[in-house]
Amino acid sequence: MYAIVEIAGQQFKVSKDLKVYVHRLTNEEGSKVSFDKVLLLDDNGSITLGAPAIEGASVEAKVLQHLKGDKVIIFKKKRRKGYKKRNGHRQYLTQILIEGISATGGKKSTPKKEEAPKAEATVKVEKAPKAEKLVEVVEEKAPKAAKASKTGDDLVIIEGIGPKAAEALVAGGIDTFAKLAATSAEAVKEILDASTNKVQHLDPTTWAQQAQLAADGKMDELKKLQDELNGGKAV
């Protein structure tokens, strides 16, 4: 069973016992937190869609720790103006553990059999079949729309990848940990070299290894690996 839930302005695909990095929450470490903006639920193939959120459904989680992301350097320069400015930024993040998903409420994506007589009882009987087909088309396409709204994995979790590098990777078709793990360092380097975001200096040697751990949900092992790295490079 999994759910697509909105947390701090971002959408995540979550399941029980999954660890997720989200934008900084105000809750204290060790406290419980509940997210009720559940957009989609999948219970062993039974899809439940929200409009936009599923009424009564929620995702229960526990706040594990507050931390900062990798440092991102922002450098600005104006030619022939003597203007240079260098700043650094580290995104505030919170690691949470998904403890459970409540699937109460909402409407099933498959039409109910008892709704058919109602369609026949409408005033314009000749238009009822068209209405039924329209409902079926909308409901069949709804899961795809929900998938399209997903923004992919947060690639900045990988040490060495900042917002600009993540933007370049997404533009190159790599928007999930699984895709990054399956892409060679040479192919990633080609994407960075072709980008206009000035990320050609980055070294993607360890990105695939980090992405594989993130895709498998092994966040503790990922953090241990990152502690041994320096800017995404092996020390």
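Computed from a predicted structure; not experimentally measured.

With that settled, the discussion passes to the overall build of the protein chain. When helices and strands are counted, the protein chain shows 7 helices and 11 strands. Counting over 235 residues, the protein chain shows a buried share of 35%. In the protein chain, the share of contacts with a sequence separation of at least 24, taken over all contacts with a separation of at least 6, comes to 62%. In the form shown here, the protein chain has an accessible surface area of approximately 14800 Å², with 52% of it arising from carbon and sulfur atoms.

To continue, consider the packing of helix α6 (residues 207–215) against helix α7 (residues 219–227). Their axes nearest at 8 Å, the elements α6 and α7 cross at an angle of 155°. Comparing their axes, α7 and α6 come out roughly antiparallel. For the pair α6 and α7, the sense of crossing is left-handed. Two secondary-structure elements touch here, α6 through Gln209, Gln210, Leu213 and Ala214 and α7 through Met219, Glu221, Leu222, Leu225 and Gln226. Partitioned by chemical class, the residues of the contact of α6 with α7 number 5 nonpolar, 3 polar and 1 charged.

Glancing now at the layout of surface pockets. Of the pockets and cavities examined, the largest pocket occupies roughly 780 Å³. Every residue lining the largest pocket is counted, 26 residues in all, and those nearest its centre are Val72, Ile73, Lys198, Val199 and His201. For the lining of the largest pocket, the elements supplying multiple residues, two or more each, are β7 (58–78) and α3 (163–171).

Attention shifts here to the pattern of salt bridges. Per the counting criterion, the structure on display carries 7 salt bridges. Measuring nitrogen to oxygen at the nearest pair gives 3.6 Å for the salt bridge that ties lysine 37 to glutamate 6. Linking lysine 37 in the loop between β4 (32–35) and β5 (38–43) with glutamate 6 in strand β1 (residues 2–7), this pair joins segments that are 31 residues apart in sequence. The class of lysine 37 is partly exposed, set by a relative accessible area of 38%. The class for glutamate 6 is partly exposed, based on a relative accessible area of 25%. A salt bridge links lysine 32 to glutamate 99, with the nearest nitrogen and oxygen atoms 2.8 Å apart.

Formed by 27 residues in total, the largest nonpolar core has its most connected members in Ile158, Ile161, Leu180 and Trp207. Breaking this core down by element, the ones donating at least two residues are α3, α4 (177–181), α5 (185–194), α6 and α7. Once you skip the residues sitting within four places of it in the chain, leucine 180 turns out to touch Ile158, Ile161, Ile174, Val188, Trp207, Ala208 and Ala211. Counting 20 residues, the second-largest nonpolar core is a separate cluster that includes Phe12, Val38, Val59 and Ile98.

One open sheet holds the 4 strands; their spatial order is β3-β8-β7-β4, and the pairing between them is antiparallel. Strand pairing shows two members of the sheet lacking a second neighbour, β3 (19–23) and β4, which therefore form its edges. For this sheet, the mean angle separating the axes of adjacent strands, direction not counted, is 45°. Direction of pairing for β4 relative to β7: antiparallel, over a ladder of 4 bridges. Bridged to serine 34 within β7 is glutamate 60.

Turning to the pairing of strand β2 (residues 10–15), a few remarks are in order. Sheet topology note: the β1/β2 ladder contains 6 bridges and is antiparallel. Residue pairing across strands places alanine 3 opposite valine 14, the latter belonging to β2. Taken together, β1 and the strand that follows it, β2, pair antiparallel across an intervening segment of 2 residues, in which alanine 8 is found at a positive phi of about 55°.

On to the packing of aromatic side chains, then. Counted by the stated rule, this structure contains 0 aromatic pairs. Over the aromatic face of tyrosine 83 sits the side chain of lysine 78, whose NZ or CZ is 5.1 Å from the ring centroid.

What follows covers a positive patch on the surface. Taken together, the side chains of Lys76, Lys77, Lys78, Arg79, Arg80, Lys81, Lys84, Lys85 and Lys198 present a region of like positive charge at the surface. With 3 residues, β7 is the single largest residue contributor to the positive patch. Tracing the backbone through its elements, the reader meets lysine 76 in strand β7.

Definitions and cut-offs
- Residues numbered from 1 in each chain as written.
- Predicted model: local features only at pLDDT ≥ 70, side-chain atom pairs only at ≥ 80, totals over all residues.
- Heavy atoms only, no water.
- Helix = DSSP H or I, 4+ residues; strand = E, 2+ residues; numbered from the N terminus.
- Buried < 20%, exposed > 50% of the residue type's maximum accessible area, 1.4 Å probe, protein only.
- Contact = heavy atoms within 4.5 Å.
- Areas by Shrake-Rupley, 256 points an atom, 1.4 Å probe, with all protein chains shown as cover.
- Axes fitted to C-alpha atoms, helices over the stretch in contact; angles between N-to-C directions.
- Parallel < 35°, antiparallel > 145°, perpendicular 65-115°, else oblique.
- Left-handed = near helix turned anticlockwise from the far one by under 90°.
- Nonpolar A, V, L, I, M, F, W, Y, C, P; charged D, E, K, R; others polar.
- 1 Å grid on protein atoms, 1.4 Å probe; cavity = no way out; pocket = protein on both sides within 12 Å on 5 of 7 lines; lining within 4 Å.
- Points joined across faces, edges and corners; volume = space filled by probe spheres on them.
- Salt bridge = Lys/Arg side-chain N within 4 Å of Asp/Glu carboxyl O.
- Core = buried A, V, L, I, M, F, W, Y, C linked by side-chain atoms within 4.5 Å.
- Pairing = 2+ DSSP bridges.
- Phe/Tyr/Trp six-rings, centres within 6.5 Å; stacked < 30°, edge-to-face > 60°.
- Lys NZ or Arg CZ within 6 Å of the ring centre and 35° of its normal.
- Patch = residues over 30% accessible without salt bridge, like charges linked within 9 Å, V, L, I, M, F, W, Y side chains within 5 Å.
- Lys, Arg positive; Asp, Glu negative; His and termini not counted.
- Charge placed at Lys NZ, Arg CZ, Asp CG, Glu CD.

Purely spatial values, then, with no claim about function.
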